[in-house]
Amino acid sequence: VSAAEPVRAAPRPPTRSRTPPATHAIARVFGLSLGEMLWSRRTIFMALVVGLPIVIGAIVRVLDVLGAPRTVGDVTLQGPAIFGLMIWAFFVRFVVPVLGVFYGTSLIADEVEEKTITYLFVRPIPRSAVLFGKYAAYLVCTSFVVLPSVMVVWLLVAPVGSGSLGATFPDLLRDLGLLAIGLAVYGAVFALIGTALRRPLLAGLLFVFGWEMFVLFLPGYLKRFSVAFHLQGLVPHAMPADSTLDLLQTLVREVPSLTESLIWLAAIEVGCLWLAARVVSTREYVLEQ
Amino acid sequence: MTRRTRYFLIGGALVLAAGLCTGLVAYYAGGLGPQGPDLDELSYLPREASTVAYADVRSIMASDVRERLRRMLPAGEERDRLNAELGIDIDEDIDSVVAGFVGGAPSPEAAVVLARGRFDQEQIEARILQHGGTAEDYRGRRLFVFQSQREKSGGVAFLESDLVALGDAGALRQAIDTAESSEDVTDNAELMRLVADVRGAHDAWIAGRLDTAAPGELPEVIRAPLAGVEWFTAGASVDEAVTGEVRAETRDDLSAQQLRDVIQGGLAAARLVSGQDKRLAAVLGSLQVAGSGRTVAIGFALSPELIDTLGELTPAPVRGRGPATPPDAGR
């Protein structure tokens with residue numbers, strides 16, 4: 001090698017990227033958050049909320065075994081009708097929105113309140129991965145509590161009277177799908193509220209028990225900006241087509257079509273999650289001293 | 001993920017999986033819940049039967065509204081005639097009845113009625129022979145035939161110790177042939193799907209194809225909306241009240257929607273016409289139209305008071321007609 005030849009710098013060893021892929025980051029946050037979510041104080045509340053329908057289902061079954069009348073007014077209720085009403089009254093109108101409020105609003109707000117959000121945000125992962133990981137944990141946590149509860153209620157109530165498990169099985173599948181969609185959409189809405197507002201729980205409760213109930217009775221298009229209206233659109237397709245459906249049709253004056261409901265719910269879900277991710281990525285969280 | 005979190009998820013998944021498996025088994029086996037009594041009588045109905053009907057006579061007779069129904073229903077000439085000719089008392093001797101119709105519109109010639117209950121075979125045989133019936137053994141079963149003036153032959157067959165078949169002699173022979181063969185109406189998957197839907201839920205029901213069962217002489221205004229209907233079921237439960245449902249399955253969603261509109265329109269018109277008649281308004285109020293997709297359903301719930309109202313609205317039936325008339329046979 002002559003001295004005139006320029007000395008070439010040895011190639012630098014490739015530096016390892018310190019930022020893990022987004023999916024890996026989401027999975028890590030998911031694993032961390034799931035345990036925290038399941039074994040928090042909210043679990044007691046959740047157990048009470050989903051345990052109540054099971055207790056009522058057991059009482060209905062025992063009364064049926066003992067031969068108690070199942071007549072309401074002039075109508076004798078059979079197992080499928082009772083199950084349909086429980087799905088509507090307990091799960092769709094109460095359990096799903098309430099769990100959405102309590103868990104969805106806490107996804108980021110809890111970390112802010114406990115001043116631990118800094119530890120997550122200084123990790124070399126996108127901030128949005130924190131939100132998506134926590135949202136996935138919320139979905140798994142609530143689904144694995146609510147859906148088994150529905151299953152137990154179905155096993156208890158569907159055979160009451162002249163009902164049968166076999167005949168109501170397709171309705172059960174539709175109910176499970178309806179509730180899973182409800183949990184996902186409400187979770188996305190309250191995740192947005194939890195990231196954007198300072199008092200998210202209060203705002204969430206006002207949304208569920210104020211706006212959603214009030215707007216359903218308003219004429220015009222405003223009701224389309226509620227989750228409950230579009231979930232109602234799925235209910236007639238999931239409920240057994242007997243007295244349950246008739247009763248619900250008297251309660252629900254305007255029912256959107258299945259396709260319209262699904263499109264709106266998907267738009268709300270994607271839109272809210274996207275907005276929540278943007279808020280988390282850009283907002284400066286000031287922790288109170 | 002901690003161990004207890006993992007256990008929790010596994011527990012939840014197991015509950016879901018167990019429920020789904022139970023539901024799947026129940027769905028394909030058609031059971032795990034009250035599915036009504038066993039219907040061994042179906043083995044006597046041919047595979048090509050278009051309509052099957054069932055009545056739990058014992059339950060209906062033991063119901064609270066029996067007397068109210070009795071006042072409403074026709075005079076019971078056939079019941080009196082059956083008692084006089086065969087010595088069979090429907091009220092006391094029969095537990096349940098299964099009827100099957102073969103071919104087109106339901107008619108006595110195409111029907112086989114299978115009555116299960118307690119029968120005094122010797123007394124019934126003596127009555128039949130006394131009224132001019134002829135006895136024969138057909139494939140090991142006792143068959144009695146009445147030859148009528150209209151070249152139609154009615155008959156009675158003792159199929160089992162507690163099962164009697166009534167109907168046209170040819171239909172009775174076909175029923176016995178069907179029982180001897182391995183092909184019966186339970187091989188008719190579509191009809192049995194409807195039967196499975198109604199059999200556990202009602203004390204009396206009927207299921208069949210409407211395009212073969214609907215009488216051709218229906219008025220056009222009724223026949224036109226029914227043109228799209230393929231299958232129908234109807235069932236009623238009799239307890240303190242009478243509740244039930246008539247359900248139709250159409251060829252497509254559009255036909256179902258049109259039929260729903262026609263029924264809703266008809267009910268609205270009836271309510272308008274009923275005016276201030278509270279009794280008629282109450283009867284109409286007990287009807288509810290439901291259904292989605294290809295299904296149209298009309299549910300009804302008749303309280304004891306409504307049954308009385310219906311009795312007042314319908315013309316008074318002619319009770320009895322004296323001694324039973326002699327049968328056609330042997331004239």
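Residues numbered from 1 in each chain as written. Chains lettered and ligands numbered in written order. Predicted model: local features only at pLDDT ≥ 70, side-chain atom pairs only at ≥ 80, totals over all residues. Heavy atoms only, no water.

Enquirer: Mind showing me how you'd approach the overall build of chain A here?
Expert: In terms of regular secondary structure, chain A is built from 11 helices and two strands. From first element to last, N terminus to C terminus, chain A shows the α and β order α-α-β-β-α-α-α-α-α-α-α-α-α. For chain A, with 289 residues in total, the buried portion stands at 47%. Across chain A, contacts joining residues at least 24 apart in sequence account for 81% of those joining residues at least 6 apart. For chain A, the accessible area works out to roughly 14300 Å², and carbon and sulfur atoms hold 67% of it. (Helix = DSSP H or I, 4+ residues; strand = E, 2+ residues; numbered from the N terminus. Buried < 20%, exposed > 50% of the residue type's maximum accessible area, 1.4 Å probe, protein only. Contact = heavy atoms within 4.5 Å. Areas by Shrake-Rupley, 256 points an atom, 1.4 Å probe, with all protein chains shown as cover.)

Enquirer: Sorry, what's going on with the pairing of strand β6 (residues 153–160) of chain B here?
Expert: The two faces of the sheet receive side chains in turn, since in a regular strand these alternate between them. Residues and elements named next belong to chain B. Where burial is concerned, most of β6 is hidden: six out of the eight residues are buried. Of the pairings in the sheet, the one linking strand β5 (residues 141–147) to β6 comprises six bridges and is antiparallel in character. Each bridged residue has a counterpart across the sheet, and for Arg142 the counterpart in β6 is Phe158. Here six bridges tie β6 to strand β7 (residues 163–168), and the two strands are oriented antiparallel to one another. Each bridged residue has a counterpart across the sheet, and for Gly154 the counterpart in β7 is Asp168. Linking β6 back to β7 in an antiparallel pair, the connection comprises two residues. (Pairing = 2+ DSSP bridges.)

Enquirer: Would you take a moment to explain the packing of aromatic side chains for this structure?
Expert: Aromatic ring pairs: the centre-centre distance and the angle between the two ring planes describe each pair. Scanning the model with the defined rule gives 10 aromatic pairs over all chains in all. With 5.9 Å between their ring centres and 5° between their planes, Tyr186 of chain A and Phe190 of chain A make a pair best called stacked. In this pair, Tyr186 of chain A and Phe190 of chain A both sit in helix α7 (residues 165–196), four residues apart, roughly one turn of the helix. Its relative accessible area of 2% is what places Tyr186 of chain A among the buried residues. Here the aromatic cluster, defined as three or more aromatic residues joined through ring pairs, consists of Trp154 and Phe169 of chain A together with Tyr27 of chain B. (Phe/Tyr/Trp six-rings, centres within 6.5 Å; stacked < 30°, edge-to-face > 60°.)

Enquirer: Looking at this structure, how should I read the side chain of Glu41 of chain B?
Expert: Residues and elements named next belong to chain B. With respect to the helices and strands, the residue Glu41 is situated in the loop between α1 (3–29) and β1 (49–55). Taking relative accessible area as the criterion, Glu41 reaches 2% and is therefore assigned buried. For Glu41, the side chain forms a polar contact with the side chain of Arg116, separated by 2.9 Å. Ignoring any residue separated from it by four or fewer positions in sequence, one finds Glu41 in contact with Ser96, Val98, Leu114, Arg116 and Leu163. (Polar contact = N/O pair within 3.5 Å; in protein donor to acceptor, adjacent residues only side chain to side chain.)

Enquirer: What exactly am I supposed to notice about the side chain of Ser128 of chain A here?
Expert: You can see Ser128 of chain A is positioned in helix α6 (residues 127–157). Beyond its immediate stretch of four places on either side in the chain, Ser128 of chain A contacts Ala277 and Ser281 of chain A.

Enquirer: Is there a simple way to think about the pairing of strand β3 (residues 111–117) of chain B in this case?
Expert: Residue and element names in this part refer to chain B. Burial of β3 is extensive: six of the seven residues sit out of reach of the surface. Examined bridge by bridge, strand β2 (residues 94–102) and β3 share seven bridges and lie antiparallel to one another. What sits directly across from Ser96, in β3, is Arg116. With five bridges connecting them, β3 and β7 associate as antiparallel partners. Bridge assignment links Ala115 to a residue of β7, and that residue is Val164.

Enquirer: What is the right way to read the sheet that holds β6 of chain B from this model?
Expert: Strand pairing in a sheet relies on backbone hydrogen bonds. The paired strands run either parallel or antiparallel. Residues and elements named next belong to chain B. Within the open sheet, the 12 strands sit side by side as β4-β5-β6-β7-β3-β2-β1-β8-β9-β10-β12-β11. Their pairing is antiparallel. The open sheet terminates on both sides in strands that have one partner only, identified here as β4 (134–138) and β11 (287–290). Averaged over all neighbouring strand pairs, the angle between strand axes comes to 15°, with direction disregarded. Direction of pairing for β11 relative to strand β12 (residues 295–302): antiparallel, over a ladder of four bridges. Its bridge partner lying in β12, Ala290 is registered against Ala297. (Axes fitted to C-alpha atoms, helices over the stretch in contact; angles between N-to-C directions.)

Enquirer: I keep staring at the pattern of salt bridges and nothing clicks. Help me out?
Expert: Opposite charge on two side chains permits pairing when their charged atoms draw close. A complete count under the given rule lists 17 salt bridges over all chains for this structure. Across the pair Asp171 of chain A and Arg174 of chain A runs a salt bridge, and its minimum N-O distance is 2.9 Å. Of this pair, Asp171 of chain A and Arg174 of chain A both sit in helix α7, separated by three residues, roughly a single helical turn. Its relative accessible area of 41% is what places Arg174 of chain A among the partly exposed residues. Among the ionic pairs, Arg224 of chain A bridges to Glu260 of chain A, the shortest N-O distance being 3.2 Å. Of the two residues, Arg224 of chain A sits in the loop between α8 (200–215) and α9 (227–238) while Glu260 of chain A sits in helix α11 (residues 258–282), which places them 36 residues apart along the sequence. Take Glu260 of chain A: its relative accessible area is 24%, and that puts it in the partly exposed class. Salt bridges sharing common partners tie together Glu41, Arg116, Glu160 and Asp162 of chain B. (Salt bridge = Lys/Arg side-chain N within 4 Å of Asp/Glu carboxyl O.)

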